[in-house]
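One-letter residues, chain by chain:
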Amino acid sequence: MKRRLERAGGQQLGDSSIIKTSVRLLVPFVQLFGLYVIVHGHYSPGGGFQGGVALGASFILLALAYDLKTSIRHFSEGANALLANTGALIYTGVAALCAVMGGLFLDYSALDKLIPLGPIEWRSFGIFLVEVGVGLAVMSIMVSLFWDISSGGEMDEGL
Amino acid sequence: MKALALIATVITGILLLYGTRDFPAWGDPQSPANRHLSPYYIENAVAETHVPNVVTAVLGDYRGYDTMFETVVIFCAGMAVASVLRRNKS
Amino acid sequence: MDGMLQEIVAKYNYWIYVVLMMIGFYAMIGKRNLVKKLLGMNIFQTAIILFFVSTGVKSGGGIPILDKYKVLAEGIDPTQIVNPLPHVLMLTAIVVSVSVTGVALAVLQRIHREYGTLEEDEILERISE
């Protein structure tokens, strides 16, 4: 830690008001774009993995421009663990629900018995549900990987 | 040691380059990878799932198991990193 | 010699991947630093991903995002659309590569915490002490 402070001339690295202001303005748009990529995955290049990474990148950007504490204040550790679990659970839950409703595991058309939209529309909508789960899981795991690796597991100060 | 590594690398590269002589040329529509399964996906994905993006349709529906365990893999990676690095706060 | 040159020009994509793979492979087995080994593994994975994506190319083919109503009405000719299957497989491979890199970096940090170094021979020395 000491060496880094010396290199930055006593000032913490990234402690510049230009970077902070531009990141503060940029982060909402990055998050909006991430949501767009997840939701619009049916009609354009995109999907859960890509959108999740974009959403995670917005929090990583926050942690790089400010410090790790700021990004933890905006996206707490508890919420992170909760969202990662929720994401994995949405995927397996949708898959298991298909089996419970009388179809095969992961055969979304069986959910037609729950809400009648037509089996083919349900396959389209099932893919969307699954992508949301993937996006949530990827977002939280990316952020938690960055927190852990950049701070060495201390979660107090990162890069 | 470095010379040995270099020799092994060069031999592997030469063997692989020899193998590419039997490979299809760049952009061949009749290459083996393009003939068996993918025409089915391209022809039927839209009619069977109503998703215009074939990649999403294959990822989410036809290869749902693959993607599901993919999510499980990345979840396990997050858990593994947390358990390797984080120390007890107490 | 002329035949070989033609061979290279016709299949130059494979040559690029093999050269990339050789760089990664040499870094994996020839370098002593564990971080350099990890970087080599990432280069290796990139070579494999590029190779797979290139197998799906059809010359003159369009992107695999179709016009829904046109396809439902008229059907589609598969030779006009690039192969979507390698894209799907490599999408998942990229995610696996990110996970592997993350876990490997965590393990490297733990090794550095235990032994104070990331050079392979120094770590082996300290283990044998």
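So, how was this worked out
Residues numbered from 1 in each chain as written. Chains lettered and ligands numbered in written order. Predicted model: local features only at pLDDT ≥ 70, side-chain atom pairs only at ≥ 80, totals over all residues. Heavy atoms only, no water. Helix = DSSP H or I, 4+ residues; strand = E, 2+ residues; numbered from the N terminus. Rg over C-alpha atoms; globule rule 2.2 N^0.38 Å. Contact = heavy atoms within 4.5 Å. Salt bridge = Lys/Arg side-chain N within 4 Å of Asp/Glu carboxyl O. Polar contact = N/O pair within 3.5 Å; in protein donor to acceptor, adjacent residues only side chain to side chain. Buried area = accessible area lost by both parts, 1.4 Å probe. Buried < 20%, exposed > 50% of the residue type's maximum accessible area, 1.4 Å probe, protein only. 1 Å grid on protein atoms, 1.4 Å probe; cavity = no way out; pocket = protein on both sides within 12 Å on 5 of 7 lines; lining within 4 Å. Points joined across faces, edges and corners; volume = space filled by probe spheres on them. Nonpolar A, V, L, I, M, F, W, Y, C, P; charged D, E, K, R; others polar. Expected span 1.5 Å × (residues − 1). Arc of directions from axis to C-beta. Core = buried A, V, L, I, M, F, W, Y, C linked by side-chain atoms within 4.5 Å. pLDDT = per-residue confidence, 0-100.

1. Topic: the overall build of chain B
Logical step 1: Scanning chain B from N- to C-terminus turns up 4 helices and 0 strands.
Logical step 2: The N-to-C order of helical and strand elements in chain B reads α-α-α-α.
Logical step 3: A compact globule built from 90 residues should have a C-alpha radius of gyration of about 12 Å, whereas chain B, at 22 Å, is more than 25% larger.
Logical step 4: In terms of overall dimensions, chain B has C-alpha extents of about 60 × 45 × 15 Å along its principal axes.

2. Some thoughts on the interface of chain C and chain B
Logical step 1: Contacts between chain C and chain B engage 52 residues on the former and 50 residues on the latter.
Logical step 2: Between chain C and chain B we count 0 salt bridges in total.
Logical step 3: At the junction of chain C with chain B, the criterion picks out 12 residue pairs in polar contact (both at pLDDT 80 or more).
Logical step 4: Among the elements of the structure, helix 1 (2–10), helix 2 (12–30), helix 3 (34–55), helix 4 (68–74) and helix 5 (85–115) of chain C are those that each provide at least two residues to the side of chain C that touches chain B.

3. As for the interface of chain C and chain A
A common way to express how large an interface is: the accessible area buried when the components associate.
Logical step 1: Every contact between the two is made by 9 residues of chain C and, on the other side, 10 residues of chain A.
Logical step 2: Here chain C and chain A share an interface that buries about 820 Å² over both sides, 72% of which is from carbon and sulfur atoms.
Logical step 3: Sorting the residues of chain C by area buried against chain A places Ile65, Leu91 and Gln109 of chain C first, and these three jointly supply 43% of that buried surface.
Logical step 4: At the surface where chain C touches chain A, the tally comes to 0 salt bridges.
Logical step 5: The interface formed by chain C and chain A contains 2 residue pairs in polar contact (both at pLDDT 80 or more).

4. Re unusual backbone geometry
Logical step 1: In this structure, Leu106 of chain A is a non-glycine residue whose phi angle is positive, near 75°.
Logical step 2: Turning to its location among the elements, Leu106 of chain A is positioned in the loop between helix 5 (77–100) and helix 6 (119–151).
Logical step 3: If you check the backbone angles, His50 of chain B has positive phi at about 60° while not being a glycine.
Logical step 4: Within the secondary structure, His50 of chain B sits in the loop between helix 2 (38–49) and helix 3 (54–62).
Logical step 5: The buried category is assigned to His50 of chain B, whose relative accessible area is 18%.

5. A word on empty space enclosed by the protein
Once rolled over the atoms, a probe with the size of a water molecule shows which space is left empty.
Logical step 1: Counting across every chain of the model gives 1 cavity of 30 Å³ or more.
Logical step 2: For the largest cavity, the full set of lining residues is Ala88, Tyr91 and Thr92 of chain A together with Met68, Thr71 and Val72 of chain B.
Logical step 3: Elements with a contribution of two residues or more to the lining of the largest cavity: helix 5 of chain A together with helix 4 (64–85) of chain B.
Logical step 4: Here the lining of the largest cavity is composed, by residue class, of 4 nonpolar, 2 polar and no charged.

6. Description of helix 1 (residues 2–19) of chain B
Residues and elements named next belong to chain B.
Logical step 1: Under the 1.5 Å per step criterion, the end-to-end length of helix 1 is 26 Å for 18 residues, consistent within 8% with the ideal 26 Å.
Logical step 2: Those residues of helix 1 lying buried are Ala5, Thr9, Gly13 and Leu17. The arc enclosing the buried residues of helix 1, seen along the axis, measures out at 100°, which places them on a common side. Away from its buried face, by an angle of more than 90 degrees, helix 1 presents the exposed residues Leu4, Ile14, Leu15 and Tyr18.

7. Section: the nonpolar core
Logical step 1: Formed by 44 residues in total, the largest nonpolar core has its most connected members in Phe49, Tyr91 and Tyr108 of chain A.
Logical step 2: Where this core is concerned, the elements lending two or more residues are helix 5 and helix 6 of chain A, helix 2, helix 3 and helix 4 of chain B together with helix 5 of chain C.
Logical step 3: The element that contributes the greatest number of residues to this core is helix 6 of chain A, accounting for 9 residues.
Logical step 4: Beyond its immediate chain neighbours, meaning those up to four positions away, Tyr91 of chain A contacts Leu106, Tyr108, Val130 and Val134 of chain A together with Gly60, Gly64, Thr67, Met68 and Thr71 of chain B.
Logical step 5: Counting residues in hydrophobic clusters, the runner-up holds 12 residues, among them Phe75, Met139, Val143 and Met155 of chain A.

8. Remarks on the environment of Phe49 of chain A
Logical step 1: Structurally, the position occupied by Phe49 of chain A is in helix 3 (residues 48–65).
Logical step 2: Classification of Phe49 of chain A as buried rests on a relative accessible area of 4%.
Logical step 3: Considered as a pair, Phe49 of chain A and Ile38 of chain A are 11 residues apart in the sequence and their alpha carbons are 8.0 Å apart.
Logical step 4: Phe49 of chain A has contacts with Val134 and Val138 of chain A, Leu59, Thr67 and Glu70 of chain B together with Leu91 and Val95 of chain C, leaving out every residue within four places of it along the chain.

9. Let's talk about the confidence of the model for chain B
Residues and elements named next belong to chain B.
Logical step 1: Across chain B, pLDDT averages 89, with 98% of residues at or above 70.
Logical step 2: No element of chain B has a lower mean pLDDT than helix 2, which averages 90, and none a higher one than helix 1, which averages 93.
Logical step 3: Complex prediction metrics read pTM 0.88 and ipTM 0.86.

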